[in-house]
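The residues making up each chain are set out below.
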Amino acid sequence: MIEEIRNEFKNATDLFTNVLDNGFWAVEIAYFPSLCDEKIKDGVLVPLSYRFDPDEFRRMLNSNPKYEHADDPKEWANLILKGYVLLKIEGKHFSFKSDRTPVTQIDAPTVESTLQGPQTAFTEDLNINMFLLRLRYNVPSLTVEPFDKGTLSRTSLFVVYDHRLVNAKILKALYKQLDKVKLDLLQSSGQMVKQLTEKNHRVFPTILQTERPDRVADMLSKGKIAVMLNGSRFVLLLPVRLYDFMHAMDDEYEAFWMVRLLILVRYIAVALTITLPALYIAIVSYNPEIFRVQIAFTIDGSRAGVPYPSFIEVFIMLFMIEALIEASIRLPRIVGSTATTVGGLILGQAAQQAGLVSSIMIIVTSVVAISNFVIPNTTFSQSVRLMKYLFIIIAMIYGISGVAVLFFALIVYLCGLRSFGEPYLALFTNETKELPK
Amino acid sequence: MRRAKLLLIGLAMLLILPTSGCGFKDIDKRFFVVAMGIDQGSTPSNYRVTLRLAIPTSQMESGETKTELESMEAPSIAEAVRHLKSLVDKELDFGHCRVILFGKSLIEEGVENPINWLSRRRDIQQVAFLGLAEPNAFQVLKLQPQSERYPGNALFLSFGSEGTESSYILTEYLFDWVRRQTETGKDGFLPIIRKDIDRNSYRVDRVAFTDKKKLRLCLTPAETQLFNISARRYDKSVIAIPFKGARIVLALSQVETHVSISHEDIPTVTLHLHASGFLEESPPNFLNGDIPKIENQLQTEFNGELQDLLYKIRNSEVDPYGFGLHYLAKYFGGSKEWKKWKEAYPEITFRVDSRIVIDKAGLVQ
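With an unreviewed UniProt entry as reference, chain B is termed Ger(X)C family germination protein, source organism Cohnella lupini. If you open the UniProt record of chain B and go to Subcellular location (unreviewed entry), you find "Membrane". One UniProt comment on chain B, placed under Sequence similarities (unreviewed entry), says "Belongs to the GerABKC lipoprotein family."

Chain A appears in an unreviewed UniProt entry as Spore germination protein from Cohnella lupini. Recorded under Sequence similarities (unreviewed entry), the UniProt text for chain A is reproduced unchanged: "Belongs to the GerABKA family."

## Side note on the overall build of chain A
Within chain A, the secondary structure is distributed over 16 helices and 12 strands. Over its C-alpha atoms chain A spans a radius of gyration of 29 Å, topping by over 25% the 22 Å that the globule rule assigns to 437 residues. Its C-alpha atoms put chain A at 100 × 55 × 40 Å along the principal axes. A buried classification covers 48% of the 437 residues belonging to chain A. Pairs at least 24 residues apart make up 66% of the contacts formed inside chain A by residues separated by at least 6 positions. Here chain A has roughly 22600 Å² of accessible surface; of this, 60% comes from carbon and sulfur atoms. Each charge class in chain A can be summarised by its mean position, and for the 44 positive and 44 negative side chains these summaries are 5 Å apart.

## A closer look at the domain arrangement of chain A
Partitioning chain A into domains gives domain 1 (2-97), domain 2 (126-239) and domain 3 (254-419). The C-alpha centroid of domain 2 of chain A is placed 34 Å from the C-alpha centroid of domain 1 of chain A.

## A word on unusual backbone geometry
Backbone torsion omega between A:Leu238 and A:Pro239 reads -10°, so that peptide bond is classified as cis. With respect to the element layout, A:Pro239 can be found in the loop between β10 (235-238) and α9 (242-245). Omega for the peptide link from B:Glu134 to B:Pro135 comes to 5°, which places this bond in the cis form. For B:Pro135, the location among the structural elements is in the loop between β6 (129-133) and α5 (137-142). Located in the positive-phi region is A:Phe420, a residue other than glycine, with phi close to 50°. Following the sequence through the fold, A:Phe420 ends up in the loop between β11 (418-419) and β12 (422-423). Owing to a relative accessible area of 15%, A:Phe420 belongs among the buried residues under this scheme.

## Quick word on the sheet that holds strand β13 (residues 349-360) of chain B
Residue and element names in this part refer to chain B. Ordered in space as β10-β11-β12-β13, the 4 strands form an open sheet in which the pairing is mixed. At either margin of the open sheet sits one strand with a lone partner, and together these are β10 (238-243) and β13. Put simply, the sheet's adjacent strands are angled 35° from each other on average, direction ignored. Inspection of the sheet shows strand β11 (residues 246-261) paired to strand β12 (residues 268-281) by 12 bridges, in the antiparallel sense. In the strand pairing of β12, Leu252 is matched with Gly277. Against the sheet, helix α9 (residues 291-315) contacts β10, β11, β12 and β13, and its axis sits at roughly 145° relative to β13.

## Looking at the pattern of salt bridges
With the rule as written, the count across this model stands at 40 salt bridges over all chains. As a salt-bridge pair, A:Glu313 and A:Arg303 come within 2.2 Å of each other at their nearest N and O atoms. Of the two residues, A:Glu313 is situated in helix α13 (residues 310-330) and A:Arg303 in helix α12 (residues 293-303); the sequence distance between them amounts to 10 residues. Classification of A:Glu313 by relative accessible area gives buried; the value is 0%. For A:Arg303, a relative accessible area of 0% translates into the label buried. B:Asp176 is paired through a salt bridge with B:Arg180; the nearest N and O atoms lie 3.0 Å apart.

## Regarding the UniProt feature "transmembrane region" (unreviewed entry) in chain A
All names here are of chain A. Residues given the UniProt feature "transmembrane region" (unreviewed entry) here are residues 264-286, 306-325, 357-377 and 389-414. Counted over residues 357-377, helix gives 67% and strand 0%. Its end C-alpha atoms are 31 Å apart. The annotated region residues 389-414 carries 100% helix and 0% strand content, and the separation between its end C-alpha atoms amounts to 17 Å.

## Quick look at the domain arrangement of chain B
All names here are of chain B. The domains assigned to chain B are domain 1 (27-218) and domain 2 (221-365). A C-alpha centroid distance of 31 Å is found between domain 1 and domain 2. On the domain 2 side, the residues contacting the 23 residues of domain 1 number 23 residues. Surface buried jointly by domain 1 and domain 2 totals about 2000 Å² across both partners, of which 59% is contributed by carbon and sulfur atoms. It is Ser167, Gly185 and Phe209 in domain 1 that bury the most area against domain 2; as a group they hold 26% of the surface buried on that side. Applying the counting rule to domain 1 against domain 2 returns 2 salt bridges.

## Quick notes on the nonpolar core
Ranked by size, the top nonpolar core spans 88 residues in total, and within it A:Val160, A:Phe204, A:Met228 and A:Phe380 carry the most contacts. Top contributing element to this core by residue count: helix α16 (residues 378-416) of chain A, with 13 residues. Sequence-distant contacts of A:Met228, defined by excluding residues within four places in its chain, comprise A:Phe122, A:Leu126, A:Asn129, A:Met130, A:Leu133, A:Ser156, A:Leu157, A:Phe158, A:Val160 and A:Val235. If you look at the next biggest cluster of nonpolar residues, it comprises 43 residues, including B:Ile229, B:Ile241, B:Ala275 and B:Val352.

## Remarks on the confidence of the model for chain A
Averaged over every residue, the pLDDT of chain A is 86; residues scoring 70 or more account for 97%. Mean pLDDT across the secondary structure elements of chain A bottoms out at helix α14 (residues 333-353) of chain A, with 76, and peaks at helix α11 (residues 256-285) of chain A, with 93.

## Points about the interface of chain A and chain B
On the chain B side, the residues contacting the 27 residues of chain A number 29 residues. The junction of chain A with chain B conceals about 2300 Å² of combined surface from both sides, 63% of it contributed by carbon and sulfur atoms. Its largest share of buried area at the contact with chain B, chain A owes to A:Phe297, A:Asp300 and A:Tyr398, together 29% of the area lost on that side. Here chain A is connected to chain B by 3 salt bridges. When the shortest N-O distance is used, the salt bridge between A:Arg303 and B:Asp26 registers 3.4 Å. For the interface between chain A and chain B, the tally reads 10 residue pairs in polar contact (both at pLDDT 80 or more). Listed by contribution, the elements that provide at least two residues to the side of chain A that touches chain B are α11, α12, α13 and α16 of chain A. By residue number, the principal contributor to the side of chain A that touches chain B is α12(A), which donates 10 residues. Here the side of chain A that touches chain B is built from residues that sort into 17 nonpolar, 6 polar and 4 charged.

What counts, and where the lines are drawn
- Residues numbered from 1 in each chain as written.
- Chains lettered and ligands numbered in written order.
- Predicted model: local features only at pLDDT ≥ 70, side-chain atom pairs only at ≥ 80, totals over all residues.
- Heavy atoms only, no water.
- UniProt positions renumbered as here; feature names shortened; annotations may be inferred.
- Helix = DSSP H or I, 4+ residues; strand = E, 2+ residues; numbered from the N terminus.
- Rg over C-alpha atoms; globule rule 2.2 N^0.38 Å.
- Buried < 20%, exposed > 50% of the residue type's maximum accessible area, 1.4 Å probe, protein only.
- Contact = heavy atoms within 4.5 Å.
- Areas by Shrake-Rupley, 256 points an atom, 1.4 Å probe, with all protein chains shown as cover.
- Lys, Arg positive; Asp, Glu negative; His and termini not counted.
- Charge placed at Lys NZ, Arg CZ, Asp CG, Glu CD.
- Domains from an automatic or database assignment.
- Pairing = 2+ DSSP bridges.
- Axes fitted to C-alpha atoms, helices over the stretch in contact; angles between N-to-C directions.
- Salt bridge = Lys/Arg side-chain N within 4 Å of Asp/Glu carboxyl O.
- Buried area = accessible area lost by both parts, 1.4 Å probe.
- Core = buried A, V, L, I, M, F, W, Y, C linked by side-chain atoms within 4.5 Å.
- pLDDT = per-residue confidence, 0-100.
- Polar contact = N/O pair within 3.5 Å; in protein donor to acceptor, adjacent residues only side chain to side chain.
- Nonpolar A, V, L, I, M, F, W, Y, C, P; charged D, E, K, R; others polar.

Here it is as C-alpha cells:
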C-alpha cells in the first residue's frame, strides 16, 4: 500500500508513511500529519502498541464508527487528502477518520449586525455552522444533502431545506445548476453565487448571502433552500425576492410601527441613491424650473464659479466617494478613520472652496453615499451603487424624461427577473404553506 | 455571432445619441426671467416687452438682490423676446417667470396676441400670476422693493397666499384667465398692481374686470374685498359697520356661498352667503352686548353693499362671478338659452341673502 501511495504523492514530503511493527503485526500506515490531529494517538497508536490485544483490536475495527473499510485503491489518495489515516492491517485496508478541526470561536456578525437580535454569526467551519443552524431550526424534517464542488479544492457543501415546505421544482432547478458548476477552487460563497446565477441575471443578485443563523432559520421556515459551504462565513439562500435584500433581521425584533418607518426610510434611501446624482444633472442642466425659485437661484449662485458642466462635476465627486469607500475597505482599521476624515471632510470642503464643485453637489454626494449604506445587504447595495452610473449617463443625454423612462425600465427589468423560477419583484407570497398531516 | 450582436447594440446606442432632449444648458448659463411685463409700444401696433432678470448670488440677504431690467419694442412679442436675447450674455429661461403683467393701456386695447404667445410657449408656466400694471408694466417692474430676499420674490409672495394673505389681493393664474377668456358666461378679472407712494413696495388692492376683449371696470379697494369674499369665498377678511359711535369689525373665519337663479323671462339671481367669525373690534365693555341685533345690522349692511356691487358689475356688462355659466349649466342651456340670457343680463335683478354669525366675542371675561 505504501508503495502505491508514495507513487501518487511523489513530491509530498510532508506525507508520513511507515510500517509499525509491534512484534505481532506489521501495520502499514500513511497520513498527512498536518491534516490529522491527536485522535490518532488514542485511536491507533495506543491500542496498537503497549495496550495491544489482537482480539480487542479486531473488535475495535469493527465497532468504532471512525474505522471504515477502504478497499478501493482509487479512493486512497482522496481519503488521505481529507485527513484520514490509511492502515493496512492483516492484509485488509482501513481508513481512520482523524481530520483536524481547528477550534473556531463563534463571533459576532460583522456585516449584518443588529441592535437587539442574536449576536452570533456563522463561522468558517461547516460542522459548527450546522450546529448553529440546528440550534435555531431543529426539526426532524430538516434535510441535509452533502455535495463536493471544485475539481481541486473539493469543497464540501450542504444543501439544507425543510422537506415539508420546500418547493420540489426549485430544488430540481438548484441541482441542475449545481451539476453545471465548473470551478477549480471554490473558496467563497460569492463564487458559488456567480456559478448558480444565469448569465443574463447578473445586475441584481438573485441569491441572498447571509452570515446570520437566525436569518437562515427564518428563511428555511418559509420553504427556502440554504446552501452551506465549508470555509465560508456566508450561507446562500434561494429563491429570494427583492424585499429580502431590503430586510434587516432587526425588522423581526423591533416594535411594529418603528419597523414600518425604517423600511420606508430604506426604500426612499434606495430611490435617492439611484436617482439623485442623475436628477441633479437633469434638473441643473435641462429643467431648472422643477426647483423652487429660491433653490434654483442658490444653485445658480453656487455653481457660478464651477468651470465644468454638471456631469463632470458629478463624476469628480462620485469618483472621490467611490475611491474613499474602496480605500476604507482595504485600509487597516487603525488608518481607516484617517482616510474618512481626509476624504470626507477636507477634500469635500476644499473641492467646494476651490470652485471645482458646487456646495449643493457636496450634499448630493453625501446623501448618495449615506443612503447607499442604509441597504442591509452588501451585494444588493453594490448593485444599486452600479445602477446610479447608468442613470447618470442617461441623464446626461436625455435629461429628466430620460431618468423617468429609465426608472420605469428598471422596474420592468426587475419584474422580469426570476430567482430560480420565482418572481423577483413579487409583492405577496403565500407565507403559510399548509403542512401535510 | 456574438460580435455581430455587440455591433448591433453599439449601432443602436449610436442611433439614440442624436435624438437627445431639449438642449443641455447648465443652470449657471441661464438667465432666469422672474417677471415679464407687456405694454403697448409707442405705436399702437407695437408691443413693449420688459423682462426682469435675476442675477443670482450664493448668499441671499434682504434688499441686496440684484436684478437687471431689459426692455424692447417690436411688432410682436416673439420678435421682442428674440431681440432681447441679443442684449444679455446668457440664455433666457422663462421657467421661473411667475408673474406676468399687462400694461393698463394694453388691456384697454385687448390682449389677444400676448395671450396667444403665452399659451403657445412651453416654457411659460401656466401657473404664472397675472396682473394689470398701472400706469404701465415697465414702471412697476422698475421698482426694487427693499424686502426682496431673492430676485422677484416680493411679487411672488404677494399672490397665491404664499406670503401675505390679504383680502384685497386677488390671485389670477394664467391658465384660469385663458379659460375665462374662452368660457361662455364667465369673464376674467385681474389684480391691479401699482407702485406704493413711498416707492418701496407694490400696492395690490384693486381688481379690474375684463370682458372677452378689453377692460370694462375697476373696483375700489373696499369693493375688491367684497368681491373677494362673495366670489372667491375668501375668509381672511373683515366686515365692518359703525355701531354706537364706534366700529364693529367682524373677522371672518368661514364663508360659504351658494347661487340660485330663477328661470323667468328676466331671471333673478339670489346669492346666499353664510359667514361666521369673531369680533376683532367692538365698543369697550361689549362682552354681553346684543349679539342677534348686531348680526342683523351686519347682515342688512352687507346685503346692501353687495347688492350695489352686483348691480355695478352688471351695468358694466361683465360677469366675473360666472352667473351666465351657472344659468346655462342649470337649465341645460344651448345657444338659444345663452342668447336669451345675454339679452336679459342688463335687466336682471339681484338679491343677496346673507347669514352672518358671530361665533365668539373675541374676549374672555
